[in-house]
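Listed below are the residues making up each chain.
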Amino acid sequence: MQLKPINQQVVAVVGASSGIGRKAALEFAQRGAKVVVSARGELKLKSLVEEIRGFGGEANYIVADVQEFDQVKAIADKTVELYGRLDTWVHAAAIGMFATFDKTSPEEFKHVIDVSLMGQVYGAMAALPHLKREGRGALIHVSSMEGRRSLPYQSAYSCAKHGIEGFLEAMRIELIHEKWPINVTSIKPAVINTPFWSNGLTKLGVKPSGIPPYYDPKIVADAIVYAAEHPIRDLLVGDIAKLLDLAQKISPSLVDSLLLLLGFNLQLSSGELKLEDAPNNFYQPIPDDRVDGDYQNLVIPSITDALGKLPIFQLGTGALLALLAAQAFKQIE
């Protein structure tokens, strides 16, 4: 399967107003792609387009709510109207809610699914006809390590990410069966230092924290850009994502024990009081267009990400992960 070089691509990035999506859009534009960005917040999209045009890149924006299929379809259609085609679709839009399952209302759970799962479904449905017309391309969906292992306080979000993995697997094999040269990639980041944690709806009484360590949004953006040029099925981003995936495959009960030990208190570790009615982006966008979040002091480098993209290294990934796992478990002891 041959994908175009980035500097010859037209790329749509959905969920581009902040965090991973914004950083990915900047990376694509810096490497010469024509970029169409979308999100709910127009002012944040304007600032992103201005930033891209400021360094000589080419970008346009369209405001859309991913809960509405017609609005998502309009992103794909507008991209083709502007640039004649669509080569890569990147879908990063998601919202977070932090609460125990029994404190989550049916409406709140459904809303997370509508945005974080159905939005991704609509994105693939909207982009696929254009990619088929072009005869090749890439569908890149930002999932999460929570698509492999659910975490406490995040039942709805984890459900959405598991759902993404389900429909992508079915769609991928259908495309292969029909011999369409369209690559479908799931990007599964570990905990990333974006505004996601401070902007979500919380019923925990404090500003949520991810379970440390955190990783820089750039490593996820780099994985997205890599997948736009190199056909690849899955990219687990961040050493901990790979370790968690390995541990879940070996012993889910071991992961249960680790999460009982660490998974509750560490998500409350910010210590900063935050009420349920505090500003959040659960239903409406808020004016936060940052790439980086509030936990820069907890960000660490990832050892395996750069090496993991090398075909020769992928054969030895399991051995390295086993070594990392042994070191991590030793530290816990």
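Residues numbered from 1 in each chain as written. Predicted model: local features only at pLDDT ≥ 70, side-chain atom pairs only at ≥ 80, totals over all residues. Heavy atoms only, no water.

(A) How the structure looks around the overall build of the protein chain. Secondary structure assignment for the protein chain yields 12 helices and 9 strands. If one aligns the C-alpha atoms of the protein chain with their principal axes, the spans along those axes are about 55 × 50 × 35 Å. Counting contacts in the protein chain only where the partners sit at least 6 residues apart, residues at least 24 apart contribute 76% of the total. When the accessible surface of the protein chain is summed, it comes to about 14400 Å², and 58% of that surface belongs to carbon and sulfur atoms. Both charge centroids of the protein chain, one from 33 positive and one from 37 negative side chains, sit 5 Å from each other. (Helix = DSSP H or I, 4+ residues; strand = E, 2+ residues; numbered from the N terminus. Contact = heavy atoms within 4.5 Å. Areas by Shrake-Rupley, 256 points an atom, 1.4 Å probe, with all protein chains shown as cover. Lys, Arg positive; Asp, Glu negative; His and termini not counted. Charge placed at Lys NZ, Arg CZ, Asp CG, Glu CD.)

(B) Expanded view of helix α7 (residues 217-229). The terminal C-alpha atoms of α7 lie 19 Å apart, and with 13 residues this matches the ideal 18 Å at 1.5 Å per residue to within 8%. Buried within α7 we find P217, V220, A221, A223, I224, V225, Y226, A227 and A228. Elements in contact with the buried residues of α7: α1 (19-30), β4 (88-91), β6 (137-142), β7 (182-189) and β9 (234-237). One side-chain oxygen at the N-terminal end of α7 lies 2.8 Å from the backbone nitrogen of K218; it belongs to D216. (Expected span 1.5 Å × (residues − 1). Buried < 20%, exposed > 50% of the residue type's maximum accessible area, 1.4 Å probe, protein only. Polar contact = N/O pair within 3.5 Å; in protein donor to acceptor, adjacent residues only side chain to side chain.)

(C) Region of the structure containing unusual backbone geometry. For the bond from P212 to P213, the omega torsion is 10°, close enough to zero to count as cis. Position of P213 among the secondary structure elements: in the loop between β8 (201-202) and α7. Of note, Y153 is a non-glycine position whose phi angle comes to about 70°, a positive value. Looking at where Y153 falls in the secondary structure, it is placed in the loop between β6 and α5 (155-177). In this structure, K179 is a non-glycine residue whose phi angle is positive, near 60°. Within the secondary structure, K179 is located in the loop between α5 and β7. The class of K179 is exposed, set by a relative accessible area of 71%.

(D) Spotlight on the packing of α1 against α7. For the pair α1 and α7, the least separation of the axes is 8 Å and the interaxial angle reads 55°. In this view, α1 runs oblique relative to α7, as classed from their interaxial angle. Considering how the two elements wind past one another, α1 and α7 form a crossing that is right-handed. Across the interface between the two elements, I20, K23, A24, E27 and F28 from α1 touch P217, K218, V220, A221, D222, I224, V225 and A228 from α7. For the contact of α1 with α7, a count of residues per class yields 9 nonpolar, no polar and 4 charged. (Axes fitted to C-alpha atoms, helices over the stretch in contact; angles between N-to-C directions. Parallel < 35°, antiparallel > 145°, perpendicular 65-115°, else oblique. Left-handed = near helix turned anticlockwise from the far one by under 90°. Nonpolar A, V, L, I, M, F, W, Y, C, P; charged D, E, K, R; others polar.)

(E) Quick look at the side chain of R22. With respect to the secondary-structure elements, R22 resides in helix α1. Setting aside anything within four residues of it in sequence, one finds R22 in contact with G15, A16, S17, K44, S47, L48, E51, D289 and V291.

(F) Spatial organisation of the sheet that holds strand β1 (residues 10-14). With parallel pairing, the 7 strands of this open sheet are ordered in space as β3-β2-β1-β4-β6-β7-β9. Two strands close off the open sheet at either side, each with one partner strand: β3 (58-63) and β9. Averaged over all pairs of adjacent strands, the angle between strand axes in this sheet comes to 15°, irrespective of strand direction. Direction of pairing for β1 relative to β4: parallel, over a ladder of 4 bridges. Residue pairing for β4: V14 is matched across the bridge by H91. In the packing of helix α4 (residues 106-134) onto the sheet, contacts are made with β4, β6 and β7, and the angle to β6 comes to roughly 175°. Of the strands in this sheet, β7 and β9 are in contact with helix α8 (residues 239-250), which crosses β9 at around 115°. (Pairing = 2+ DSSP bridges.)

(G) Here's a closer look at the pattern of salt bridges. The full count for this structure, using the stated rule, is 26 salt bridges. Residue E272 pairs with K207 through a salt bridge whose shortest N-O separation is 3.3 Å. Taken together, the positions of E272 in the loop between α9 (252-262) and α10 (304-308) and K207 in the loop between β8 and α7 put the pair 65 residues apart, joining distant regions of the chain. K249 is the salt-bridge partner of D245, the closest N and O atoms lying 3.2 Å from each other. Of this pair, D245 and K249 both sit in helix α8, 4 residues apart, roughly one helical turn. (Salt bridge = Lys/Arg side-chain N within 4 Å of Asp/Glu carboxyl O.)

(H) Inspection of the pairing of β3 at higher detail. Here strand β2 (residues 34-39) pairs with β3 via 6 bridges, running parallel. Looking at the pairing, S38 lines up with I62 of β3. With helix α2 (residues 42-54) bridging β2 and its parallel neighbour β3, the resulting β-α-β unit is right-handed. (Right-handed = clockwise from strand over helix to strand, strands pointing away.)

(I) Fine view of the nonpolar core. V13, F28, V35, V37, I140, I187 and I224 are the most contacted members of the largest nonpolar core, which has 56 residues in total. The dominant element in this core, judged by the number of residues it contributes, is α7, at 8 residues. Ranked by size, the runner-up nonpolar core spans 41 residues in total, among them V66, M97, A126 and I182. (Core = buried A, V, L, I, M, F, W, Y, C linked by side-chain atoms within 4.5 Å.)

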